[in-house]
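Structural characterization, general
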Amino acid sequence: MRFWNKKLVVVSAVVTVVLLTNFLVLADWLDRLGVVGWARFVREEYATGTAIAVIVALLILLPTSGRRVGGQRGWVRRCPVCEHELDGRGRYCAVCGSRA
């Protein structure tokens, strides 16, 4: 599995360098395909101030403490540091002592 990860990193780096060196050619090609015009339309129609404010508010309101993992006993809270199962409504992990 590690072999494929290394190959993926190398291939990704080569593709990134090739795309960066041919950036103007790529931009012209995307413009001829109509992707640039479509992106402008989407930005003007759907990326309004209200939409951006709602997205930011939802990102702020998303819970970040503790992960919940489905198991045989239903949903279980796990420590974000050591992945140990948390008991009850405690705020700290009994194993590593980090705040959950």
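As a reminder, the structure under discussion sits directly above these lines.
Every value quoted in this text rests on a predicted model; they were computed, and no experiment measured them. (Residues numbered from 1 in each chain as written. Predicted model: local features only at pLDDT ≥ 70, side-chain atom pairs only at ≥ 80, totals over all residues. Heavy atoms only, no water.)

Here we look at the overall build of the chain
Each helix and strand counted, the chain has four helices and two strands in total. Walking the chain from its N terminus toward its C terminus, one meets helices and strands in the order α-α-α-α-β-β. Residues counted as buried form 8% of the 100 residues belonging to the chain. When contacts within the chain are restricted to residue pairs at least 6 apart in sequence, those whose partners lie at least 24 apart make up 4%. For the chain, the exposed area adds up to about 9000 Å²; of that, 64% sits on carbon and sulfur atoms. (Helix = DSSP H or I, 4+ residues; strand = E, 2+ residues; numbered from the N terminus. Buried < 20%, exposed > 50% of the residue type's maximum accessible area, 1.4 Å probe, protein only. Contact = heavy atoms within 4.5 Å. Areas by Shrake-Rupley, 256 points an atom, 1.4 Å probe, with all protein chains shown as cover.)

Overview of the side chain of S98
By the secondary structure assignment, S98 is in the segment after β2 (74–78). Judged by relative accessible area, S98 falls into the buried class, the value being 16%. Leaving out residues up to four positions away in the same chain, S98 has contacts with C79, V81, R91, Y92 and C93.

Focus on the state of the cysteines
For the structure on display, the rule yields zero disulfides. A disulfide-free cysteine, C79 has its sulfur positioned 3.7 Å from the sulfur of C96, the nearest such atom. With no disulfide partner, C93 has as its closest neighbouring cysteine sulfur the one in C82, 3.6 Å distant. (Disulfide = S-S within 2.5 Å.)

Here we look at unusual backbone geometry
The phi torsion of most residues other than glycine is negative, and most of the peptide bonds are trans. Even without being a glycine, E83 presents a positive backbone phi close to 65 degrees. Here E83 is to be found in the segment after β2.

Considerations on the environment of H84
By the element assignment, H84 lies in the segment after β2. Assessed through its relative accessible area of 33%, H84 is described here as partly exposed. In this structure the C-alpha to C-alpha distance between H84 and V95, which are 11 residues apart in sequence, comes to 7.2 Å. Setting aside residues up to four positions removed in sequence, H84 forms contacts with R77, R78, C79, C93 and V95.

Topic: a nonpolar patch on the surface
Judged by side-chain polarity, I52, V56, I60 and L61 come together as a nonpolar surface patch covering roughly 420 Å² of accessible area. Overall, I52 belongs to the partly exposed group, its relative accessible area being 45%. (Patch = residues over 30% accessible without salt bridge, like charges linked within 9 Å, V, L, I, M, F, W, Y side chains within 5 Å. Salt bridge = Lys/Arg side-chain N within 4 Å of Asp/Glu carboxyl O.)

Geometry only, nothing functional implied.
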